[in-house]
Amino acid sequence: MDRNEQRKQQYRDYVEQVTPKHNLLKNMAGAFLTGGTICLLGQVILNFCKAQGLDPDVAGSWCSLLLVLGSVILTGFNLYPKIARFGGAGTLVPITGFANSVAAPAIEYQKEGQIFGIGCKIFTIAGPVILYGIITSWGLGLIYWAFGFLRG
Amino acid sequence: MEYIHAFWVGGLICALVQILLDRTKLMPGRVMVLLVCSGAVLGFLGIYEPLKAFAGAGAGVPLLGFGNTLYQGIRKAVDEEGFLGLFTGGFTASAAGISAALIFSYLASLVFQPKMKE
Amino acid sequence: MEGGTGKVEEKKKQAEMTGKQSIRFDEAVHLLCAASIAGKKEGEGPLGDRFDQVFEDPFFGKATWEEAESAIQRAALEKVLEKTGMQEKEIRFLFGGDLLGQLIATSFGVKELGIPLFGLYGACSTCGEALCLAAMTVAGGFADHVAVVTSSHFGGAEKQFRFPLEYGNQRPLSATWTVTGAGAFLLGKRGGKVRIPEVTPGKIVDYGVKDSLNMGACMAPAAADTIEQNLKDLKRKPEDYDRIITGDLGYVGKRLLLELLEEKGIRIKEQHMDCGIEIFDQEKQDTHSGGSGCGCSAVTLAALILPKLVSGEWKRVLFVPTGALLSTVSYNEGQSVPGIAHAVVLEHNETGLQQ
């Protein structure tokens, strides 16, 4: 490495040192509370559905459906980003974060038209999530299938 | 008890992911992909279903649960339909979540206007 | 071929190449007038009551962020013309720029004004780039009056460079907040209380920083380079300036700039200011490292810096807008974020006459 490159590396290391970072513990607490609350809400929906005599899979689907609906509405009223500022990962990790990542570009890009605006951009973040989720589970499913096939 | 477990397990998963967000340069999109893929792997390893039995929505609502759902769907479909199940199970199991997100978001784009961040 | 005229008379010298990359104009170019238009959040900041106009509706009555930005640019230009009582047709050239892809805010904003246009991209340094070129054009005798306009809009910039505005995420503390606003300036040969005697266009400096959410760190080396070069070329010391004002380094970049220069034995702690720091109240407005964007340095120049130069409170200022030259493509392809900074010397001019 020549001197010039060394100097640049030094600078980058120094930048890392002096760049202020969020207080991790405070952010983790925010994420814990927000994420926990959203999951708790999910549990309320699950229990309510089960009390209606629905089987666990159907109850799970209702739970996803209602949480997604709630998140999309909050996104529409521009409230989800406000919660996210406090909640961080607590709003990103639950399925509501996925719904926010679908609704946000749909609303933002409506001005660029139905096809190239909403139609394409709605998958900006959801697309990769669905793609890699499907690919990974397909690959793992293939292993599961192969084992079953070999066992006969 | 169910509620408490859902709260702390779900909260804990989020708090751990917060470390990832704050201490690495990973963008939120990458973190979401990572979670879904990890969930599928945890499901494959047989770890996630017991966790779900314990924590309920605390394990089901985070995106890890979405990945697990995809894998469980494929597994179930493979059991029932064989090879073809690899191609049907994932979307079948996750249909409600994905469709809801797409449909509600589309409707939202008809109703809501972009707004300035404050 | 002699062309039959014999000896060609040597053209009158109008400017001098000074040092490595600075220009000293034989006759300083005058900055006649400025106008600033800013958004609601900027209006609530420390400079709020100094802007010519603050608008509440982030869409500025238009349908999209991009159209809004165009309209703000146009409004800023019209404001500066109105202040001087001049007409569009008296402006010979316009130097304009913004942050949007292919400069659409500028193109659509000024298309109906009918002024010959140079569209410029220097990221957030565009205001400096435009002022350099505009001053050179006037000094070179190619125009009597030229205008400069630059703008940025939080909505458009965020949508293009980062996430849709409705997306929930936590911004790192090093991130800056794109200023919504536009600044317009009118330059001419004489008649201004502020003049531009020298400029130092900057070169690209890339220390390989890749974090697009820490643009201050990406741009600080470029600002340091341009300031150092300006002092060297013009044989000045930092004390020769009342203020040295960078564009949008923010709190993180400011610290880095001061330290980079200190290493070379240049202390500018006393003189240094940063438009990104001046424009927002970090505590109350949750803007983290400060403001940024082509509009940031432009509105701060128009609303804060020029009035102090006009009044004579400051006699000489070095104005150094800074830019981070990235796109979403270069970012996705793993490239670093190169920085650039252009320096413009601004002086108080008591008489408004040419000296």
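About the cut-offs
- Residues numbered from 1 in each chain as written.
- Chains lettered and ligands numbered in written order.
- Predicted model: local features only at pLDDT ≥ 70, side-chain atom pairs only at ≥ 80, totals over all residues.
- Heavy atoms only, no water.
- Helix = DSSP H or I, 4+ residues; strand = E, 2+ residues; numbered from the N terminus.
- Rg over C-alpha atoms; globule rule 2.2 N^0.38 Å.
- Buried < 20%, exposed > 50% of the residue type's maximum accessible area, 1.4 Å probe, protein only.
- Areas by Shrake-Rupley, 256 points an atom, 1.4 Å probe, with all protein chains shown as cover.
- Contact = heavy atoms within 4.5 Å.
- Lys, Arg positive; Asp, Glu negative; His and termini not counted.
- Charge placed at Lys NZ, Arg CZ, Asp CG, Glu CD.
- Salt bridge = Lys/Arg side-chain N within 4 Å of Asp/Glu carboxyl O.
- Phe/Tyr/Trp six-rings, centres within 6.5 Å; stacked < 30°, edge-to-face > 60°.
- Lys NZ or Arg CZ within 6 Å of the ring centre and 35° of its normal.
- Buried area = accessible area lost by both parts, 1.4 Å probe.
- Polar contact = N/O pair within 3.5 Å; in protein donor to acceptor, adjacent residues only side chain to side chain.
- Nonpolar A, V, L, I, M, F, W, Y, C, P; charged D, E, K, R; others polar.
- Core = buried A, V, L, I, M, F, W, Y, C linked by side-chain atoms within 4.5 Å.
- pLDDT = per-residue confidence, 0-100.
- Patch = residues over 30% accessible without salt bridge, like charges linked within 9 Å, V, L, I, M, F, W, Y side chains within 5 Å.
- 1 Å grid on protein atoms, 1.4 Å probe; cavity = no way out; pocket = protein on both sides within 12 Å on 5 of 7 lines; lining within 4 Å.
- Points joined across faces, edges and corners; volume = space filled by probe spheres on them.

J.: Help me understand the overall build of chain A, please; the structure alone is not making it clear to me.
T.: The helix and strand inventory of chain A stands at 8 helices and 0 strands. Ordered by position in the sequence, the α and β elements of chain A form the string α-α-α-α-α-α-α-α. Whereas a compact globule of 152 residues would reach a radius of gyration of roughly 15 Å, chain A reaches 22 Å, over 25% beyond that. With the principal axes as the frame, chain A shows a C-alpha extent of 70 × 50 × 40 Å. For chain A, buried positions account for 48% of its 152 residues. Of the roughly 7,500 Å² of accessible surface on chain A, a fraction of 68% belongs to carbon and sulfur atoms.

J.: Even after reading the chapter, I still don't get the overall build of chain B, so can you show me in this structure?
T.: The helix and strand inventory of chain B stands at 6 helices and 0 strands. Walking chain B from its N terminus toward its C terminus, one meets helices and strands in the order α-α-α-α-α-α. In terms of overall dimensions, chain B has C-alpha extents of about 50 × 35 × 35 Å along its principal axes. Counting only contacts in chain B whose residues sit at least 6 apart along the sequence, the fraction spanning at least 24 positions is 51%. Looking at chain B as shown, the accessible area adds up to about 5,300 Å², and 71% of this sits on carbon and sulfur atoms. One way to put it: in chain B the 8 positive side-chain charges average out to a point 12 Å from where the 7 negative ones average out.

J.: So what exactly am I meant to see when it comes to the side chain of Lys-8 of chain A here?
T.: When you line up the elements, Lys-8 of chain A lands in helix α1 (residues 3-18). Although Lys-8 of chain A is buried, it forms no salt bridge, and the closest oppositely charged side chain is Glu-5 of chain A at an N-O distance of 4.6 Å. Residue contacts for Lys-8 of chain A: discarding those within four places in its chain leaves Asp-206 and Tyr-207 of chain C.

J.: Whenever I open this one, the packing of aromatic side chains confuses me. Can you help?
T.: Here the distance between the centres and the angle between the planes together describe a pair of aromatic rings. Tallied over the entire structure, the rule returns 16 aromatic pairs over all chains. Taking 5.0 Å as the distance between ring centres and 85° as the angle between the ring planes, the aromatic pair formed by Tyr-11 of chain A and Tyr-207 of chain C counts as edge-to-face. Of this pair, Tyr-11 of chain A sits in helix α1 while Tyr-207 of chain C sits in the loop between β9 (194-200) and α6 (215-233), placing the two residues on different chains. Between the aromatic rings of Phe-154 of chain C and Trp-177 of chain C, the centroid separation amounts to 4.2 Å while the plane-to-plane angle is 15°, which identifies the pairing as stacked. In this pair, Phe-154 of chain C sits in helix α5 (residues 154-161) while Trp-177 of chain C sits in strand β7 (residues 177-178), placing the two residues 23 residues apart along the sequence. Phe-154 of chain C sits in the buried class, given a relative accessible area of 1%. An aromatic cluster is built from Trp-138, Trp-145 and Phe-149 of chain A together with Phe-83 and Phe-87 of chain B, whose rings are joined through pairwise contacts. Directly above the ring of Trp-314 of chain C sits Lys-308 of chain C, whose terminal nitrogen or CZ lies 5.6 Å from the centroid.

J.: Looking at this model, I keep getting lost on the pattern of salt bridges. Mind explaining?
T.: Side-chain pairs of opposite charge can arise where the charged atoms are in close proximity. Residues and elements named next belong to chain C. Considering all chains together, one arrives at 23 salt bridges over all chains under this definition. Of the charged contacts in the structure, one is a salt bridge between Lys-203 and Asp-225, with a shortest N-O distance of 3.2 Å. Placement of the pair is Lys-203 in the loop between β9 and α6 and Asp-225 in helix α6, with a sequence separation of 22 residues. The class of Lys-203 is partly exposed, set by a relative accessible area of 31%. Residue Asp-225 is classed as buried on the basis of its relative accessible area of 15%. Across the salt bridge formed by Arg-316 and Glu-347, the nearest N and O atoms sit 2.9 Å from each other.

J.: Even after reading the chapter, I still don't get the interface of chain B and chain C, so can you show me in this structure?
T.: Often the size quoted for an interface is simply the accessible area lost on bringing the parts together. With 13 residues of chain B at the interface, the matching set in chain C holds 18 residues. Of the roughly 1,200 Å² buried where chain B meets chain C, counting both sides, 61% is carbon and sulfur surface. For the chain B face of the interface with chain C, the top three residues by lost area are Met-27, Met-116 and Lys-117 of chain B, together amounting to 53%. At the junction of chain B and chain C, the tally comes to 1 salt bridge. Note that Asp-211 of chain C is salt-bridged to Lys-25 of chain B, the shortest N-O span being 3.2 Å. Across the contact surface, chain B and chain C share 5 residue pairs in polar contact (both at pLDDT 80 or more). For the side of chain B that touches chain C, the class distribution of residues is 5 nonpolar, 3 polar and 5 charged.

J.: Looking at this structure, I do not really get the nonpolar core. What am I missing?
T.: The tendency in soluble globular proteins is for nonpolar side chains to be buried side by side. Ranked by internal contacts, the top residues of the largest apolar core, which has 57 residues, are Val-68 and Phe-98 of chain A together with Met-32, Val-61 and Phe-66 of chain B. No other element matches helix α6 (residues 95-108) of chain A, which puts 8 residues into this core. Each residue touching Met-32 of chain B, except ones within four places of it in the same chain, is listed here: Leu-92, Gly-97, Phe-98, Ser-101, Ile-125 and Val-129 of chain A, Leu-63 of chain B together with Tyr-167 of chain C. By size, the runner-up hydrophobic cluster in this structure holds 54 residues, among which are Met-116 of chain B together with Phe-25, Met-273 and Val-344 of chain C.

J.: What should I look at first to understand the confidence of the model for chain B in this one?
T.: For any part of a model where pLDDT is low, the fine detail of the predicted coordinates should not be relied upon. Mean pLDDT over chain B: 96, with 100% of residues reaching 70 or higher. Scored as a whole, the predicted complex attains pTM 0.94, and scored at its interfaces, ipTM 0.96.

J.: Is there a simple way to think about a nonpolar patch on the surface in this case?
T.: Together, Leu-54, Val-58, Trp-62, Leu-66, Leu-69, Ile-73, Phe-77 and Leu-79 of chain A make up an exposed nonpolar region whose accessible area comes to about 650 Å². For Leu-66 of chain A, the position within the fold is in helix α3 (residues 56-76).

J.: In this structure, what is going on with the side chain of Ser-137 of chain A? I would like to understand it.
T.: Within the element layout of this structure, Ser-137 of chain A appears in helix α8 (residues 126-151). Take Ser-137 of chain A: its relative accessible area is 0%, and that puts it in the buried class. Separated by 2.7 Å, the side chain of Ser-137 of chain A and the backbone oxygen of Gly-133 of chain A make a polar contact. The contacts of Ser-137 of chain A, once residues within four sequence positions are left out, are Ala-40, Leu-70, Tyr-71 and Ile-74 of chain B.

J.: It is not clear to me how the layout of surface pockets should be interpreted in this structure. Could you clarify?
T.: A volume near 1,000 Å³ is recorded for the second largest pocket. Contributing to the lining of the second largest pocket are 42 residues, with Pro-56, Asp-57 and Gly-60 of chain A together with Lys-52 and Thr-69 of chain B lying nearest its centre. Of all elements in the fold, only α2 (24-51) and α3 of chain A together with α3 (48-55), α4 (57-60), α5 (63-81) and α6 (85-111) of chain B reach the threshold of two or more residues within the lining of the second largest pocket. It is α5 of chain B that contributes the most residues to the lining of the second largest pocket, 13 residues altogether.

J.: I'm lost on the environment of Tyr-106 of chain B in this one. Help?
T.: Looking at the element boundaries, Tyr-106 of chain B is found in helix α6. For Tyr-106 of chain B, a relative accessible area of 31% gives the class partly exposed. Ignoring anything within four residues of it in the chain, the contact list for Tyr-106 of chain B reads Gln-114, Ile-118 and Ile-122 of chain A.

J.: Would you mind showing me how to read the interface of chain B and chain A here?
T.: The interface of chain B with chain A comprises 69 residues on the first partner and 75 residues on the second. Between chain B and chain A, the buried area comes to about 6,100 Å², and carbon and sulfur atoms account for 77% of it. In terms of surface lost to chain A, no three residues of chain B exceed Phe-7, Met-32 and Val-61 of chain B, which account for 11% of the buried area on that side. In this assembly, chain B and chain A are joined by 1 salt bridge. At the junction of chain B with chain A, the criterion picks out 15 residue pairs in polar contact (both at pLDDT 80 or more). Looking at the side of chain B that touches chain A, the elements that each hand over two or more residues are α1 (2-23), α2 (28-44), α4, α5 and α6 of chain B. Per element, the largest residue contribution to the side of chain B that touches chain A is 17 residues, and it comes from α1 of chain B.

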